[in-house]
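Commentary on secondary and tertiary structure
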Amino acid sequence: MEIRSTLKFARISSLKAKDLAKIIRGLPASTALNRLEFSHRKGAFLIAKTLKSAIANAENNAKLSAESMFVKVAVVEDGPSMKRYRPRARGSASPILKR
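Keep in mind that this is a model prediction, so the values were computed, not measured.

Some thoughts on the packing of helix α2 (residues 29–37) against helix α3 (residues 42–61)
Interaxial distance between α2 and α3 falls to 9 Å at its minimum, and their mutual angle equals 155°. By the angle class used here, α2 and α3 are roughly antiparallel. Pair α2 / α3 crosses with left-handed handedness. Of the residues in α3, those in contact with A29, A32, L33, L36 and E37 of α2 are A44, I47, A48, L51, K52 and I55. For the contact of α2 with α3, the class distribution of residues is nine nonpolar, no polar and two charged.

See the structure below:
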């Protein structure tokens, strides 16, 4: 049975979180949580929070044990970008995309 958990609108660039998702792909859930909890990166905290949510959903809704679970797919995609503008010469402006 496949259990999903999604984190939306996280304030982090997808480039900073994709390598952490690659590390936990295919691991047992407990091992993946240990690797994420001992990492000092912001993306590790957010991915660990989502993984804990998926484990809790599987235990409460599908009556599965945490020892038998593993991470099948971990995907990090681009979210919406914040759009800002920097003033330039002669009254013009150049865009800044905060991904």
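Having seen it, we continue.
Side note on the pattern of salt bridges
All chains considered together, the criterion is met by four salt bridges. In this structure, R4 and E2 form a salt bridge, with 3.3 Å as the shortest nitrogen-oxygen distance. The class for R4 is exposed, based on a relative accessible area of 68%. E2 gets classed as partly exposed once you look at its relative accessible area, which sits at 48%. Here E2 makes a salt bridge to K72, at a shortest N to O gap of 3.5 Å. In this pair, E2 is assigned in the segment before α1 (14–24) and K72 in the loop between α3 and β1 (82–87), connecting sequence segments 70 residues apart.

Observations regarding the packing of α1 against α3
Viewed as axis vectors pointing N to C, α1 and α3 meet at an angle of 50°, and their least axial separation amounts to 9 Å. The orientation of α1 relative to α3 falls into the category oblique. As for how α1 packs across α3, the hand of that crossing is right-handed. Here α1 contributes A17, L20, A21 and I24 to the contact with α3, which in turn contributes G43, A44 and I47.

Re the environment of K63
Structurally, K63 is set in the loop between α3 and β1. The exposure class of K63 is exposed, given its relative accessible area of 66%. Sequence separation between K63 and F9 is 54 residues, and the spatial gap between their C-alpha atoms is 29 Å. Polar side-chain contacts of K63 include one of 3.1 Å to the backbone oxygen of N60.

Observations concerning α2
Turning to α2, its buried residues are A29, A32, L33 and L36. Burial along α2 is one-sided: seen end-on, the buried residues are contained in an arc of 100°. Residues of α2 that are buried in the fold lie against α1 and α3.

Definitions and cut-offs
Residues numbered from 1 in each chain as written. Predicted model: local features only at pLDDT ≥ 70, side-chain atom pairs only at ≥ 80, totals over all residues. Heavy atoms only, no water. Axes fitted to C-alpha atoms, helices over the stretch in contact; angles between N-to-C directions. Helix = DSSP H or I, 4+ residues; strand = E, 2+ residues; numbered from the N terminus. Parallel < 35°, antiparallel > 145°, perpendicular 65-115°, else oblique. Left-handed = near helix turned anticlockwise from the far one by under 90°. Contact = heavy atoms within 4.5 Å. Nonpolar A, V, L, I, M, F, W, Y, C, P; charged D, E, K, R; others polar. Salt bridge = Lys/Arg side-chain N within 4 Å of Asp/Glu carboxyl O. Buried < 20%, exposed > 50% of the residue type's maximum accessible area, 1.4 Å probe, protein only. Polar contact = N/O pair within 3.5 Å; in protein donor to acceptor, adjacent residues only side chain to side chain. Arc of directions from axis to C-beta.

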